Amino acid sequence: MTQQPMALAFVSADTENAQEAAKRLSALYGQERPEDADVIVALGGDGFMLHTLRETMGAGKRIYGMNRGSIGFLMNEYREEGLRERVAAAIPETVRPLQMEAIDADGNKVRALAVNEVSLLRQSYQAAKVRIAIDDKVRLEELICDGVMVATPAGSTAYNLSAHGPILPLDAPLLALTPVSPFRPRRWRGALLSNQATVRFDILEPEKRPVNAVADHTEIKSVVSVVVRESHDETVTVLFDESHSWNERILSEQFRY
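Residues numbered from 1 in each chain as written. Predicted model: local features only at pLDDT ≥ 70, side-chain atom pairs only at ≥ 80, totals over all residues. Heavy atoms only, no water.

> Help me understand the packing of aromatic side chains, please; the structure alone is not making it clear to me.
Aromatic ring pairs: the centre-centre distance and the angle between the two ring planes describe each pair. In the structure shown here, the tally under the stated rule is zero aromatic pairs. Taking NZ or CZ as reference, R68 lies 4.0 Å from the ring centre of Y78, over its face. The residue whose ring lies beneath R184 is F183, and the NZ or CZ to ring-centre distance is 4.5 Å. (Phe/Tyr/Trp six-rings, centres within 6.5 Å; stacked < 30°, edge-to-face > 60°. Lys NZ or Arg CZ within 6 Å of the ring centre and 35° of its normal.)

> What is the right way to look at the pattern of salt bridges in this model?
Between side chains of opposite charge, pairing is possible as soon as their charged atoms come close. Applying the stated criterion across every chain, the model contains 16 salt bridges. Close ionic contact of R24 with E80 constitutes a salt bridge, the shortest N to O distance being 2.6 Å. Here R24 is found in helix α1 (residues 16–29), whereas its partner E80 is found in the loop between β3 (62–67) and α3 (83–89), with 56 residues between them in sequence. Taking relative accessible area as the criterion, E80 reaches 23% and is therefore assigned partly exposed. (Salt bridge = Lys/Arg side-chain N within 4 Å of Asp/Glu carboxyl O. Helix = DSSP H or I, 4+ residues; strand = E, 2+ residues; numbered from the N terminus. Buried < 20%, exposed > 50% of the residue type's maximum accessible area, 1.4 Å probe, protein only.)

> How should I be thinking about the sheet that holds strand β11 (residues 174–180) in this particular structure?
The strands that make up a sheet are held in pairs by hydrogen bonds between backbone atoms, and each pair lies either parallel or antiparallel. With antiparallel pairing, the six strands of this open sheet are ordered in space as β12-β11-β10-β7-β14-β15. Each end of this open sheet is capped by a strand with a single partner; those strands are β12 (191–194) and β15 (218–220). The sheet shows a mean angle of 20° between the axes of neighbouring strands, taken without regard to direction. Relative to strand β10 (residues 147–151), strand β7 (residues 117–122) runs antiparallel, the two being bridged by five bridges. Within the sheet, the bridge partner assigned to V118 lies in β10 and is V150. (Pairing = 2+ DSSP bridges. Axes fitted to C-alpha atoms, helices over the stretch in contact; angles between N-to-C directions.)

> Which parts of the structure should I look at to understand the side chain of R209?
Tracing the chain through its elements places R209 in the loop between β13 (199–204) and β14 (211–215). Given the relative accessible area of 12%, R209 is considered buried. There is a polar contact of 2.9 Å between the side chain of R209 and the backbone oxygen of A127. Residue contacts for R209: discarding those within four places in its chain leaves Q126, A127, K129, I203 and L204. (Polar contact = N/O pair within 3.5 Å; in protein donor to acceptor, adjacent residues only side chain to side chain. Contact = heavy atoms within 4.5 Å.)

> Where do I start with the environment of A158 in this structure?
The residue A158 is located in the loop between β10 and α4 (159–162) in this model. When the C-alpha atoms of A158 and E142 are compared, they prove to be 26 Å apart, with 16 residues separating the residues in sequence. Beyond its immediate sequence surroundings of up to four residues, A158 is in contact with N116 and E117.

> Help me out: how do you make sense of unusual backbone geometry in this one?
A cis amide bond, omega -10°, links R184 with the succeeding residue P185. Despite not being glycine, D135 shows a phi value in the positive range, around 50°. Mapped onto the elements of the fold, D135 is located in the loop between β8 (128–134) and β9 (137–145). Look at S222: it is not a glycine, yet its phi comes out positive at around 50°.

> I would appreciate a short explanation of helix α2 (residues 46–56) in the present structure.
Owing to its 3.6 residues per turn, the α-helix aligns residues three or four sequence positions apart on the same side. For α2, every residue scored as buried is listed here: F48, M49, L50, T52, L53 and T56. In this structure, the buried residues of α2 make contact with β1 (8–12), β2 (39–44), β3 and β17 (236–240). Just downstream of α2 lies G58, where phi reads positive at about 80°.

> Before we go on, may I ask you to explain the nonpolar core in this structure?
Taken as a class, soluble globular proteins show a tendency for nonpolar side chains to be buried jointly. In this structure, M100, I132, F201 and V226 are the most contacted members of the largest nonpolar core, which totals 30 residues. Take this core: its biggest share by element is four residues, from β8. Residues within four places of V226 in sequence aside, it is in contact with M100, E101, A102, V118, L120, V199, R200, F201 and A213. In this structure, A9, L53, V236 and I250 belong to the second largest nonpolar core, which totals 25 residues. (Core = buried A, V, L, I, M, F, W, Y, C linked by side-chain atoms within 4.5 Å.)

> Help me understand the sheet that holds strand β6 (residues 109–114) in this model?
Taken together, the six strands give an open sheet; going across it, the order is β6-β5-β16-β13-β8-β9, and neighbouring strands pair in antiparallel fashion. Unpaired on one side and paired on the other, β6 and β9 mark the two borders of the sheet. Averaged over all adjacent pairs, the angle separating strand axes in this sheet is 20°, with direction ignored. Bridging between strand β5 (residues 98–104) and β6 involves six bridges; their strand directions are antiparallel. Following the sheet pairing, A102 is matched in β6 by V110.

> Teacher, can you tell me more about the environment of P206 here?
Here P206 shows up in the loop between β13 and β14. Since its relative accessible area comes to 30%, P206 is described here as partly exposed. Taking the C-alpha atoms as reference points, P206 and A128, 78 residues apart in sequence, are found 8.3 Å from one another. Not counting the four nearest positions on each side in its chain, P206 is found in contact with V223 and V224.

Printed below as a string of structure tokens:
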């Protein structure tokens, strides 16, 4: 019995590079609807990859990214030849997103998922004042800062890294709690948490010092409290070329200078 070729669906960012690549690859390998495909091939940069991961979260689809953007840390190298063979040999990595529940100044409750990080950022010229509790125990009565975030291992090399947070191996059962430009306590540089931990942020003086919450690209204005935990229900599988796995990229990033 002849085995059917792997069914691929190509999705692309709105850039000319990404859309042209999608046309060429569709002509070479065919184009399935994403819901019917064995693998979804995302063409663009890291931002588009995050969008694709959120759109397919919990659908049981495997996502293989190829870089048609700038940095492309989440993407594989773009090559048109031998794509089905590359995808078949790729290493799967299971990603669990963060689940954010935010309450804004009007009492609205908003839920969102984040593959990279949930961040709180000051909305005005005044620094934010935030109380931090871990598993219902207050650990920091008052953090005065530009912001603070909880990052996954997948997101530890993104905004978390630029804020001088730690890089986490992808299979580490950890989350990074990292401040952004902390003023008080001045020497606090964050914490490593179990991925089973629940983090609660309460905004102090929210009218005077308004704060926004961001789950990847979902932003909620003027929050008064935010609860963050790893999702137990939602997962997505990302495929990486065997020659350049995600763990290898994370390890290499730690030796850059």
